[in-house]
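Structure assessment
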Amino acid sequence: MAYSGRRVRADPFTDLLFNVLLAFTLLMFLAIIFMNPIPKTGVINPKAEYIITVSWKDNSPDDIDTYVQSPTGELVWFRGTEAGFVHLDRDDRGLLNDTIIVSGEEIQNPLNQEVVTLRAVVPGEYIVNIHYYATKTNEPVDVNVKVEKVNPQLEVIYYGTIPLEKKGVEKTATRFNITQDGQVTVGGNLYKQLVPNN
Ligand SMILES: [Ca+2]
Ligand SMILES: [Ca+2]
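Now for a quick tour of the structure.

Rules and cut-offs
Residues numbered from 1 in each chain as written. Chains lettered and ligands numbered in written order. Predicted model: local features only at pLDDT ≥ 70, side-chain atom pairs only at ≥ 80, totals over all residues. Pairing = 2+ DSSP bridges. Helix = DSSP H or I, 4+ residues; strand = E, 2+ residues; numbered from the N terminus. Buried ≥ 20, exposed ≤ 12 C-beta atoms within 10 Å, placed from the backbone. Contact = placed C-beta atoms within 7 Å.

Observations concerning the sheet that holds strand S3 (residues 75-76)
- Strand order in this open sheet of five strands is S3-S2-S9-S12-S13, and the pairing throughout is antiparallel. For this open sheet the edge positions go to S3 and strand S13 (184-186), each flanked by a neighbour on one side alone.
- Note that strand S2 (residues 63-69) and S3 share two bridges and pair antiparallel. Paired with Val 68 across the bridge in S3 is Val 76.

Here it is in structure tokens:
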């Protein structure tokens, strides 16, 4: 063995010093974690069973809204972001209120995305609608809708791009059914109005 006999024996003091340093580093690491709690906004619940993502063009100033009806008939939308186990992370309003701080400078966050999570597998039919709520461009908006099943492994069960021609248009993007034993089937996009009448 080329290195036999050349092995450096660490003296006990170096060992102790190393251990102290290790413990100190670990404590610093824990302190940093507790000093910087992860902000609540936009955090996807790690226990999510399904994730519905609605997105549209980066930097678009137009406001698209997401509506999800749960099997119990409850509606999740920007005025009621929580219904039982269904949760809307936030109302993305295009560029409005969408600034982030980078190196002390305020810049526009280009992302246009709303995320709805299902935190439990409750059997029944889910309906996902999108609504062109407000416009600055007066242009049609192509909206991407994705439904993912998280467990046991991430699986995209629906993905589609749906054009919303003008302000006020509401469409059913997709319906999906979860059976008693947790199987999921995508059930087309037969329209049902979910946006409340004014
Ligand atoms: Ca919105
Ligand atoms: Ca945005």
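On we go.
Brief notes about the pairing of strand S11 (residues 155-164)
- A small share of S11 lies buried, amounting to one of its ten residues.
- Here strand S10 (residues 141-149) runs beside S11; their pairing, made up of nine bridges, is antiparallel. For Asp 142, the partnering residue across the bridge sits in S11 and is Pro 163.
- Hairpin remark: S10 followed by S11, antiparallel, with five residues in the connecting loop.

Let's talk about the environment of Thr 174
- Here Thr 174 shows up in strand S12 (residues 170-178).
- The exposure class assigned to Thr 174 is buried, which follows from the 23 C-beta atoms found within 10 Å.
- In sequence terms Thr 174 and Ile 127 are 47 residues apart; their C-alpha atoms lie 6.2 Å from each other.
- Leave out the neighbours within four places in its chain, and Thr 174 touches Val 128, Val 145, Val 147, Tyr 158, Gly 160, Val 186 and Asn 189.

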